[in-house]
Amino acid sequence: MRAAPGSPATFSLDGQDVEFQAGETLIEAATRAGRYIPHLCWHPDFHPHGSCRLCTVKVNGRAGAACTMQAAAGQEVQSDTAELNAQRKTLLQMLFVEGNHFCPSCEKSGNCLLQATAYQMGMEGPHFEQFYPNRPVDASHPDLLLDFNRCILCELCVRASRDVDGKSVFAIGGHGIHTHLLVNSDSGRLGDADMALGDRAASICPVGVILPKRRGFAIPIGQRRFDQAPVSQQTQGDGDSP
Ligand code: SF4
Ligand code: FES
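Conventions adopted
- Residues numbered from 1 in each chain as written.
- Chains lettered and ligands numbered in written order.
- Predicted model: local features only at pLDDT ≥ 70, side-chain atom pairs only at ≥ 80, totals over all residues.
- Heavy atoms only, no water.
- Domains from an automatic or database assignment.
- Contact = heavy atoms within 4.5 Å.
- Buried area = accessible area lost by both parts, 1.4 Å probe.
- Salt bridge = Lys/Arg side-chain N within 4 Å of Asp/Glu carboxyl O.
- Polar contact = N/O pair within 3.5 Å; in protein donor to acceptor, adjacent residues only side chain to side chain.
- Nonpolar A, V, L, I, M, F, W, Y, C, P; charged D, E, K, R; others polar.
- Near = heavy atom within 4 Å.
- Core = buried A, V, L, I, M, F, W, Y, C linked by side-chain atoms within 4.5 Å.
- Buried < 20%, exposed > 50% of the residue type's maximum accessible area, 1.4 Å probe, protein only.
- Helix = DSSP H or I, 4+ residues; strand = E, 2+ residues; numbered from the N terminus.
- Axes fitted to C-alpha atoms, helices over the stretch in contact; angles between N-to-C directions.
- Parallel < 35°, antiparallel > 145°, perpendicular 65-115°, else oblique.
- Left-handed = near helix turned anticlockwise from the far one by under 90°.

## Considerations on the domain arrangement of the protein
Per the domain assignment, the segments making up the protein are domain 1 (10-80) and domain 2 (85-231). Placing the centre of domain 1 and that of domain 2 at their C-alpha centroids yields a distance of 24 Å. The partner domain 2 presents 22 residues to the 21 residues of domain 1 that form the contact. Buried surface at the junction of domain 1 and domain 2, both sides included, amounts to about 1,600 Å², of which 61% is carbon and sulfur. Close ionic contact of Asp-45 with Arg-200 constitutes a salt bridge, the shortest N to O distance being 2.8 Å. In this assembly, domain 1 and domain 2 are joined by seven residue pairs in polar contact (both at pLDDT 80 or more). Each residue belonging to the side of domain 1 that touches domain 2 can be placed in one class, and the counts come to 11 nonpolar, seven polar and three charged.

This is the structure:
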């Protein structure tokens, strides 16, 4: 459906009009309008990936990912409903048991998009049985550490390294539950890859996988990103890790 000439094109998000520009996705337009749609693998600076499904909304009654669906005039989009938020909570619980997300000992606690989104959705416990993966930590790089057991396979590091840094340090390999993050070096270790602390890929991870060495727990509790405001009030786009 086309908007009348001269009038801005809008769709309705939970009953309120949101203006959009041609070619924008639902989440891009919503974020620009200061409206929160839950997401993990989407980042405003990168092409959408569509893997986490947290952004699933109903468009004219049918479910779709807000990060990949183009906005169109007159769409009736529902996002903040009890049904969709319950499904999001289940997806989060699945991610929490698939990895080792022991937040009390994680340097990313308080700055972690997964944790903040779980708080936002009212997730109180992981609910499912833990998988307890046992993927070895890679501490081979002088400035960066990788804890693969927290990876949610969002591919942001893959996209950042390939599209911004021009290095393609990371890739995703394997199948099914064995899908995992890979380092593109002969040894498979980060210390042997062409990666620098200043690379975009070094600060893009929304959870606690790619961490700078010698900088843990630097921000006092109470001043961390998601101590300041819940994720739903930080709609100006996701900042990279501090
Ligand atoms: S390491 Fe971080 S950025 Fe890369 S795929 Fe895993 S969770 Fe995403
Ligand atoms: S944000 Fe849309 S699928 Fe992850």
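## Some words on the site of ligand 1
Close contacts around ligand 1 come from Cys-151, Ile-152, Leu-153, Cys-154, Glu-155, Cys-157, Leu-181, Cys-205, Pro-206, Val-207 and Val-209, and that covers them all. When its residues are assigned to classes, the shell around ligand 1 shows 10 nonpolar, no polar and one charged.

## Considerations on the nonpolar core
By size, the foremost hydrophobic cluster in this structure holds 42 residues, and its most contacted members are Leu-40, Leu-114, Phe-170, Val-183, Leu-190, Met-195 and Ile-210. When residues of this core are traced back to their parent elements, those giving at least two are helix 2 (82-98), helix 3 (113-120), strand 6 (144-146), helix 4 (156-164) and strand 8 (180-183). Here this core gathers at least three residues from each of two domains, domain 1 (10-80) and domain 2 (85-231). When residues no more than four places from it in sequence are discounted, the contact partners of Met-195 are His-141, Leu-144, Lys-167, Val-169, Phe-170, Leu-190, Ala-201 and Ala-202. Counting residues in each nonpolar core, the second largest holds 20 residues, with Ala-9, Phe-11, Ile-27 and Val-59 among its members.

## Some thoughts on helix 3
For helix 3, a buried count of six out of eight residues is recorded, marking the element as mostly surrounded by other parts of the structure. Those residues of helix 3 that sit buried are Leu-113, Leu-114, Gln-115, Ala-116, Thr-117 and Ala-118. Gly-122 sits one or two residues past helix 3 and shows a positive phi near 70°.

## Here's the deal with the packing of helix 2 against helix 3
At a closest axis distance of 10 Å, the pairing of helix 2 and helix 3 adopts a crossing angle of 140°. On the basis of their axis angle, the class for helix 2 and helix 3 is oblique. Taken as a pair, helix 2 and helix 3 cross one another with a handedness that is left-handed. Every residue of helix 3 that contacts helix 2 at Leu-92, Leu-95 and Phe-96 is listed here: Leu-114, Gln-115, Thr-117 and Ala-118. A breakdown of the residues in the contact of helix 2 with helix 3 according to their chemical character gives five nonpolar, two polar and no charged.

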